[in-house]
Amino acid sequence: MNDALHSMLVKSPKEVFAQLPTGRVGEADRNYINEVLDAGFRNTTDPAGIFGRMETAFAERFGVGFAVLHNSGTGTMQSCLLAAGVGPGDEVIVPPLTAVATAVVVVQCGAVPVFADIDPDTFNIDPADVARKITSYTKAIIPVSLYGLAPDYDGLMALAAEHDLTVIEDNAECFLGEYKGRMVGAIGHAASFSFQASKHMTSAGDGGVVITDDAEYAKNIRKRATLGYATLGAKPGDVFVPRDVRQDIDFERHDVMGYNFRMSAAQAALALGQLERLDALVAARIHIARMYQQVLDEEQCDWLIPPVVPDGCLHTYWTWVCKLDEERAGVDWRTFRKAFIANGGDGLYSAWRPVHLEPVFRNLAFYARPEQAPNHDPRYGGSVKSYEPGDCPTCEALQPRLCQFKTSMQSLDAVESQVNALRATIREINRS
Ligand SMILES: Cc1ncc(COP(=O)(O)O)c(C=O)c1O
């Protein structure tokens, strides 16, 4: 399944970069966009149109039956939750170390996000804490493949089976990753991907897709993403309603509530072009991560600590992340960042603040008044499901130490300048 990617990983970085266009738009992308422009936007439900081709190609690449394009990797998860029956009175377990989207979609379904702590070695959601956080209200888990590395799916899927939970993979940062020989994206009940500008592949800056092997779930996800049209099917063009029926004055169109999370045809066209070189796009990031890692090895740097990649997992490095051991390094995070930039580093990102401690969650600022938050549900018997420091201690201790190095460079020269900046910074700190 992932042979094409593995064959790129044994090539040199130079050979891989040679397969990529300069910049982010290639000839195939432009050709597909021109095709859409020439077609005059009339191919929305045609399976041979741009949406049908992109969805079929994406699903096939992951070995599943269905893909549903969306306008973001946030709407994707909301459609999945709604289609799984998640609503007011329910809880959904999410990690605290993620983009806010993973938790916000739960609130947007009227349900309560519950944060399970992370594993200190992989930085991913810890099934042991998920087990502790499951209640009779829990309906789903959204595990995140953080920075491109899959979480412990064996543990998570076992819990899901035991408690009848839906698992929605948040793979916004993980394309073509592997977990114990399986494609990340084909493990949970559905998987969400983001095509936002910073991701491995993009659909012109924003976009997303859900994949699943379950036809009924795919159909319901599509309906939730498309204003609840009753006639929609799992695949574009699946349901044929005769024109005389569709055009009749008594024709009822909507049988469930849905949002408008549709992607545009021009975005689907660009995404199809990108998908054709996804192996090279992912391989380039893995090669960049290897080059950073080589610096750590050569400089014998024991104070920048990347996550442990468990056996059988392929990390796809949306970014290359390390924990800074401030004591061993003898510098704090901000000093390290300044030194990296002074040595030619192109910025150094912190990890997001733990989501449960962002003001929106701490203050239950979901609606005009905190009492309107689903966390005040009468099922809680008058108490409030609140979010406090100490809820996820491992994440809270780790987050301020995380350093995110870029893997999105478009040329080997740009990669080398970042790798050299890291080497110079390590040498400078080791000397001082
Ligand atoms: C882990 C994670 N989940 C969800 C999202 C949301 O994706 P989007 O920006 O496409 O809505 C992102 C990125 O932005 C992300 O990194």
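For the structure itself, consult the block above.
The following paragraphs examine the structure supplied in this document. Every residue gets a number counted from 1 within its own chain, in the order that chain's sequence is written. pLDDT decides what is reported in this predicted model: residues at 70 or higher carry local features, side-chain atom pairs at 80 or more are listed and counted, and totals for whole chains, interfaces and linings draw on all residues regardless.

## A few points about the overall build of the chain
Next up, step 1: Counting its regular elements, the chain contains 17 helices and 12 strands.
Next up, step 2: Only the C-alpha atoms count toward the radius of gyration. The rule for a globule is 2.2 Å times the residue count to the power 0.38. Taken over C-alpha atoms, the radius of gyration comes to 22 Å for the chain, in line with the 22 Å a tight globule of 432 residues would show.
Next up, step 3: Viewed in the frame of its principal axes, the chain has a C-alpha envelope of about 80 × 60 × 40 Å.
Next up, step 4: For every residue pair, C-beta atoms are placed from the backbone, and the pair is scored as a contact if these atoms sit within 7 Å. Look at the contacts in the chain between residues 6 or more apart in sequence, and 73% of them connect residues 24 or more apart. Per the convention used, a helix needs a DSSP run of H or I reaching at least four residues, while a strand needs a run of E reaching at least two, with both numbered from the N terminus.

## A word on the nonpolar core
Next up, step 1: As used throughout, a nonpolar core is a set of buried Ala, Val, Leu, Ile, Met, Phe, Trp, Tyr and Cys residues joined through C-beta atoms within 7 Å of each other. Burial in this document is a count-based property: other C-beta atoms within 10 Å of a residue's C-beta are tallied, and the residue is buried at 20 or more, exposed at 12 or fewer, or partly exposed in between, with C-beta positions derived from the backbone. Formed by 124 residues in total, the largest nonpolar core has its most connected members in Leu81, Val92, Val106, Ile211 and Ala268.
Next up, step 2: Sort the elements by how many residues they give to this core and helix α12 (residues 278–298) lands first, with 10 residues.

## Description of helix α8 (residues 153–163)
Next up, step 1: What α8 keeps buried is the set Tyr153, Leu156 and Ala160. The buried residues of α8 occupy an angular sector of 65° when the element is viewed end-on, so they sit on one face. α8 presents Asp154, Ala161 and Glu162 as exposed residues on the side facing more than 90 degrees away from its buried surface.
Next up, step 2: Asp164 occupies a position one or two residues after α8 and carries a positive phi of about 55°. Note: the arc covers the axis-to-C-beta directions of the helix.

## Some remarks on the environment of Ala84
Next up, step 1: Relative to the helices and strands, Ala84 resides in the loop between α5 (75–83) and β2 (91–94).
Next up, step 2: You can call Ala84 buried: it has 23 C-beta atoms within 10 Å.
Next up, step 3: A C-alpha to C-alpha distance of 33 Å links Ala84 and Asp3, two positions 81 residues apart in sequence.

In short, shape yes, function no, at least from these values alone.
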